[in-house]
Amino acid sequence: MGVNGIYGLASGLDIDSLVTQAMKGKQTQYDSIYKKEQKAEWMKDAYNTWYKKLIDFQNNTLYKYALSSGMDPKTASSSDTSVVTATAGGAAASLSHQVSVNSLASNAYLKSTGTVTRNTSDSTSIKLSDIIGMSNVKLTSSTASTSAKDTLTFTLNGQSVTLTGSQMDETAISFTVRDGTNVTNTDNSTQTKNYKTISYTYRDLAESTLNDLGNSISNSGTNISGQYDSVNDSFSIYNKAGGTSNLVDLTVDTVTNNLTGENVTSSSNDNTRKLLSALNLGVYNATSNTLGSAIDAGSSTSPTGFDDTPTDVGNVNTADSSTAIAGTNGSVTIDGKTYDKVTGTQVSVDGVTYNLVSANAVGKTATVTIGNDTDTVVKNVQQFVTDYNTLLTSLKNDAYTSPDSNYQPLTDAEKKTMTTDQITQWETKAKTGLLYKDPTLSDLIDSMRSAVNTKISGLSGSYTSLASLGVTVSADWNQDSSGMLTLDTSTLQKALASDPEAAYKVFDNPNYDKSDSSTYGVVKRLNTALSTAIGSGSLGSNASGLLEDAGTTDSSNYSDQSYWGDKITDLKKQLSDFQDAMNNYQDSLYSQFDAMETAISNLNSQYSFISSYSS
């Protein structure tokens, strides 16, 4: 159908078919550009897949083989595991150590000396209102759309109180906890004390319980935890870390409320002190295994037990309160040297971490023996061989597989004649060989072979290469096995028996010379090769490697100024321009046929007119 209606009425010709036939040449040209654009997208995706795959191999696989914990691991055994156990890092020396536990660290710890006191007649209630003496508590919710019309009634200190709206949101209880540590603001690097203010409004007290109080303390963001033991009706507050620098520094806040004239005769400070007194908290002494007397927090006019909160509570220069509770440091003697600032159950010395098992260990001595874990080295070298071969196989599949020119990207018209499975199979074949003989991948394969097949300069002794450890490169030039690694475990075990650090030196060579790449260990050589292939620089100016080819994203982001991104952009513009040209050409054809139809129609009219006179 043309631009002006149905054609062929005058000429008797199938105009639409004629136009379609005339457009076939143009459509073929369009399809050619389309297939180039589709292939460009595939190319960007293929390069980007390798960009991500190589980075992942660097960050999550290769780096492990340069660690002493993997290539020079140690075992640690204890003569008495009831005293101490231990783990050893790769830097630990293969020695025996004498360990004597003098004392264990303890935590700052407050615990109820008996049960929690209720200041109302309900002796089993766990509501905070009952703990501080608020009775007959009733919260009435208004039917209005705002809580400003809610009403709270209760009795406190013998006075009946009615609070409405914002009055209920005045502070009823408030205290601050500091744990003795400092925190750093990541935005400006300033430090403040690690503290948190915990408060409850009168509205909160209508429903809040001792469990809520424990959760508020535990979730404060400090190292301090709180817990209510419902079985024993007991409350505890403790610092999760031990040592003298880790505190439970609880202070009572002074908050001014606006409840004058509402029969509220006690301040939030009074309420808080009544709560703390009711918890009957005593200080636990780990050295004597005793619990001190219950702390009487007093009142706002006569405070005891817990200091009032200082004005600038978070300032690092503000002193800890006089009522702060501190833990104690532990002490352990290792090989004749005493370490008396142990804050937990672990202490690390010379690459060995000692785990102090229990209080029963105090006064006892055990021998910790550090040895070489050759079985783990063999397992890790075998895993390296597997990881290397897996990467190499994938590289060779892409770089050495030639494409089949019979399979090209499909147009939408071609896809309409095929099933979904047929399309998938076709495109799989069409994408095969996209990176055939790619120089970046080919160079990487060569560099990897060199990295694992060359001696490490600067190493002395018999073990200076992977081959000397039993890891050899296949001499078979068959494409499948070419360059692949194999491990002779017996050769590796003999090498480790002779020199336990042999694998670590070859893989990492910690004494390499930065200016001499021949001294690099195998891992650093491979890492260098991978970095070269991955590329560096800035897209659009001086990028290299796969970064230059495809950028950091797949074809969904083709405006990244990578080579294939620019290629896709150019081809998409060609497609758009050519589509416009095709539309104009088609309109031109229809216009010509329109003129022809008009001329034939006029001739037919003239013929009919003349014929009418001659008949």
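Refer to the structure presented above.
Here's a quick rundown of the structure. (Residues numbered from 1 in each chain as written. Predicted model: local features only at pLDDT ≥ 70, side-chain atom pairs only at ≥ 80, totals over all residues. Heavy atoms only, no water.)

Observations concerning the packing of helix α7 (residues 374-400) against helix α10 (residues 439-453)
Interhelical geometry of α7 versus α10 gives an angle of 150° and a closest axis separation of 9 Å. It follows that α7 is roughly antiparallel to α10 by the angle criterion. With respect to the hand of their crossing, α7 and α10 are arranged in left-handed fashion. Note on element contacts: α10 touches α7 through L441, S442, L444, I445, M448, R449 and V452, opposite Y388, L391, L392, L395, K396, D398, A399 and Y400. (Axes fitted to C-alpha atoms, helices over the stretch in contact; angles between N-to-C directions. Helix = DSSP H or I, 4+ residues; strand = E, 2+ residues; numbered from the N terminus. Parallel < 35°, antiparallel > 145°, perpendicular 65-115°, else oblique. Left-handed = near helix turned anticlockwise from the far one by under 90°. Contact = heavy atoms within 4.5 Å.)

A few points about the side chain of S555
Tracing the chain through its elements places S555 in the loop between α14 (545-550) and α15 (563-614). Note on S555: relative accessible area 12%, which makes it buried. For S555, the contacting residues outside a window of four places in its chain are E41, K44, D45 and I568. (Buried < 20%, exposed > 50% of the residue type's maximum accessible area, 1.4 Å probe, protein only.)

A few points about the pattern of salt bridges
Applying the stated criterion across every chain, the model contains 15 salt bridges. Put simply, R178 and D249 hold a salt bridge, and the shortest N to O gap is 3.0 Å. Here the residue R178 occupies a position in strand β8 (residues 171-184), and D249 occupies one in strand β12 (residues 247-252), the gap between them amounting to 71 residues. Judged by relative accessible area, R178 falls into the buried class, the value being 2%. Across the pair D308 and R273 runs a salt bridge, and its minimum N-O distance is 2.7 Å. Residue D308 is found in the loop between β14 (290-291) and β15 (325-326), and its partner R273 is found in helix α6 (residues 268-278); the two are separated by 35 residues along the sequence. When salt bridges with common partners are traced through the structure, they connect E37, E41 and K572 into a single cluster. (Salt bridge = Lys/Arg side-chain N within 4 Å of Asp/Glu carboxyl O.)

Examining the sheet that holds strand β4 (residues 107-112)
Ordered in space as β10-β11-β4-β13-β14, the five strands form an open sheet in which the pairing is antiparallel. Looking at which strands have only one partner, the edges of the open sheet turn out to be β10 (224-229) and β14. By the bridge criterion, three bridges tie β4 to strand β13 (residues 281-285) in an arrangement that is antiparallel. Across the sheet, residue S112 finds its bridge partner in β13, namely L281. Together, β10 and β11 (234-242) form the strand contacts of helix α5 (residues 210-218), whose direction differs from that of β10 by roughly 165°. (Pairing = 2+ DSSP bridges.)

Focus: the environment of V473
One can find V473 in strand β21 (residues 471-473). Spatially, the C-alpha atom of V473 lies 76 Å from that of S277, the residues being 196 residues apart in sequence. Once you skip the residues sitting within four places of it in the chain, V473 turns out to touch R449, V452, N453, G483, M484 and L485.

Quick word on the sheet that holds strand β1 (residues 74-78)
Sheet strands line up and pair through hydrogen bonds in the backbone, either parallel or antiparallel. Taken together, five strands build an open sheet; the order of strands is β1-β20-β3-β16-β17 and the sheet is antiparallel. A single partner strand is all that each edge strand has here, and the edge strands are β1 and β17 (337-342). Shown here is a sheet whose adjacent strand axes are inclined to one another by a mean of 25°, direction ignored. The sheet contact formed by strand β3 (residues 96-103) and strand β20 (residues 365-372) spans five bridges and is antiparallel. Bridge assignment links Q98 to a residue of β20, and that residue is T367.

A closer look at the pairing of strand β6 (residues 151-156)
Bridging between strand β5 (residues 135-140) and β6 involves four bridges; their strand directions are antiparallel. Its bridge partner being in β6, S135 is matched across the sheet by T155. Where β6 meets strand β7 (residues 159-164), six bridges bridge the pair, whose relative direction is antiparallel. Each bridged residue has a counterpart across the sheet, and for L156 the counterpart in β7 is Q159.

A closer look at α5
For α5, the full list of buried residues reads L210, L213, G214 and I217. The buried side chains of α5 occupy one side of the element, clustering within an arc of 100° when seen end-on. On its buried face, α5 sits against α3 (128-131), β8, β9 (191-201), β10, β11 and α6. The backbone nitrogen of N211 has a side-chain oxygen 3.2 Å away, supplied by the residue at the start of α5, namely T209. (Arc of directions from axis to C-beta. Polar contact = N/O pair within 3.5 Å; in protein donor to acceptor, adjacent residues only side chain to side chain.)

A short note on the packing of α10 against helix α13 (residues 522-534)
One can describe the packing of α10 onto α13 by two numbers: an axis separation of 9 Å at closest approach and a directional angle of 170°. Between α10 and α13, the crossing angle belongs to the class labelled roughly antiparallel. Taking contact as the criterion, the partners of T440, L444, S447, M448, S450, A451 and V452 in α10 are, on α13, V522, R525, L526, A529, L530 and A533. Each residue belonging to the contact of α10 with α13 can be placed in one class, and the counts come to nine nonpolar, three polar and one charged. (Nonpolar A, V, L, I, M, F, W, Y, C, P; charged D, E, K, R; others polar.)

Side note on the nonpolar core
If you look at the biggest cluster of nonpolar residues, it comprises 76 residues, and the most contacted ones within it are L54, F384, L469, F507 and L526. Of all the elements, helix α1 (residues 15-60) adds the most residues to this core, at 15 residues. Apart from the residues lying within four places of it in its own chain, the contact partners of L469 are Y463, L487, D488, T491, L492, A495, A502, A503, V506 and F507. (Core = buried A, V, L, I, M, F, W, Y, C linked by side-chain atoms within 4.5 Å.)

What about the environment of W564?
Its location among the elements puts W564 in helix α15. W564 sits in the buried class, given a relative accessible area of 15%. In this structure the C-alpha to C-alpha distance between W564 and F578, which are 14 residues apart in sequence, comes to 21 Å. If sequence neighbours within four positions are ignored, W564 has contacts with A40, M43, K44, Y47 and D549.

Focus on the packing of aromatic side chains
Both the distance between ring centres and the angle between the ring planes are used here to describe each pair of aromatic rings. One pass over the structure, following the stated rule, counts nine aromatic pairs. A centroid spacing of 4.9 Å and a plane angle of 90° characterise the contact between F384 and F507, whose relative ring orientation is edge-to-face. On the criterion of sequence distance, the pair formed by F384 in helix α7 and F507 in helix α12 (residues 502-508) is long-range, its members being 123 residues apart. In this structure F384 comes out as buried when scored by relative accessible area, which is 2%. For F507, a relative accessible area of 0% gives the class buried. Centroid distance Y563 to W564: 5.1 Å. Interplanar angle 90°. Geometry classified as edge-to-face. We classify Y563 as partly exposed; its relative accessible area is 44%. Linked through ring pairs, Y65, F384, Y388 and F507 together constitute an aromatic cluster. The ring of W50 is capped by K53, whose NZ or CZ atom sits 4.3 Å from the centre of that ring. Sitting above the plane of the Y520 ring, K524 keeps its charged end 5.1 Å from the centroid. (Phe/Tyr/Trp six-rings, centres within 6.5 Å; stacked < 30°, edge-to-face > 60°. Lys NZ or Arg CZ within 6 Å of the ring centre and 35° of its normal.)

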